[in-house]
Amino acid sequence: QVQLVESGGGLVQAGGSLRLSCAASGRTFSNYGMGWFRQAPGKQREVVAQISSLRNTYYSDSVKGRFTISRDNAKNTVYLQMNSLKPEDTAVYYCAASRYGATMNSWDYWGQGTQVTVSS
């Protein structure tokens, strides 16, 4: 079993930056695919960014060029650097892990979420 704990959320003005962290348990962290998702009130959960065990990265069109996902396997941690934030980025952000580290065909573990609020 893997536990994921997000941190770094908060209130920021439009145009500002924020860095989210996700700390994971387990000694096989480097084999997992990792992802960030978000859910706004009344909306479905959507993918934001993903990083595979091979360090391939994927981004939704809405955040491409503004957000960067990275991982530090020595610290069992994945990060989401968010720059040029917009009010529409406001949501609860969730960290997730996949046993299928290369393909990330399913998501097996989820964190509790952290709130990000961007004011105009």
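Residues numbered from 1 in each chain as written. Predicted model: local features only at pLDDT ≥ 70, side-chain atom pairs only at ≥ 80, totals over all residues. Heavy atoms only, no water.

Caption draft 1: Quick peek at the pattern of salt bridges. Enumeration over the complete set of coordinates arrives at five salt bridges. With a closest N to O distance of 2.9 Å, Glu 46 and Arg 38 form a salt bridge. Given a relative accessible area of 36%, Glu 46 falls into the partly exposed group. Within the structure, one salt-bridge network assembled from shared partners comprises Arg 38, Glu 46, Arg 66 and Asp 89. (Salt bridge = Lys/Arg side-chain N within 4 Å of Asp/Glu carboxyl O. Buried < 20%, exposed > 50% of the residue type's maximum accessible area, 1.4 Å probe, protein only.)

Caption draft 2: Focus on the side chain of Ser 52. Assignment of secondary structure puts Ser 52 in the loop between strand E5 (46-51) and strand E6 (57-59). Using a relative accessible area of 0% as the deciding quantity, one classes Ser 52 as buried. When neighbours within four sequence positions are excluded, Ser 52 is seen to be in contact with Tyr 32, Gly 33, Arg 71, Gly 101, Ala 102 and Met 104. (Helix = DSSP H or I, 4+ residues; strand = E, 2+ residues; numbered from the N terminus. Contact = heavy atoms within 4.5 Å.)

Caption draft 3: Quick look at the environment of Ser 53. Mapped onto the elements, Ser 53 comes out in the loop between E5 and E6. A sequence separation of 47 residues divides Ser 53 from Tyr 100, and the C-alpha atoms of the two residues are 8.6 Å apart. When near neighbours in sequence (up to four residues on either side) are disregarded, Ser 53 contacts Ser 30, Asn 31, Tyr 32, Gly 33, Arg 71, Gly 101 and Ala 102.

Caption draft 4: Spatial organisation of the nonpolar core. Membership of the largest hydrophobic core comes to 28 residues, with the highest contact counts inside it found for Leu 4, Met 34, Trp 36, Leu 80, Met 82 and Tyr 93. The set of elements that each furnish at least two residues to this core consists of strand E3 (18-24), strand E4 (33-39), E5, strand E7 (67-72), strand E8 (77-82), strand E9 (91-98) and strand E11 (114-119). If we skip the residues at most four places from it in the chain, Leu 80 touches Leu 18, Arg 19, Leu 20, Trp 36, Val 48, Ala 49, Phe 67, Thr 68, Ile 69 and Tyr 93. (Core = buried A, V, L, I, M, F, W, Y, C linked by side-chain atoms within 4.5 Å.)

Caption draft 5: The arrangement of the state of the cysteines in detail. Scanning the model with the defined rule gives one disulfide in all. Through a disulfide, Cys 22 is tied to Cys 95; the S-S separation comes to 2.1 Å. Handedness of the Cys 22-Cys 95 disulfide follows from its S-S torsion of about -80°: it is left-handed. Of this pair, Cys 22 sits in strand E3 while Cys 95 sits in strand E9; the two residues are 73 residues apart in sequence, bridging distant segments of the chain. Here Cys 22 falls in the buried class, since its relative accessible area comes to 0%. Overall, the relative accessible area of 0% leaves Cys 95 in the buried class. (Disulfide = S-S within 2.5 Å.)

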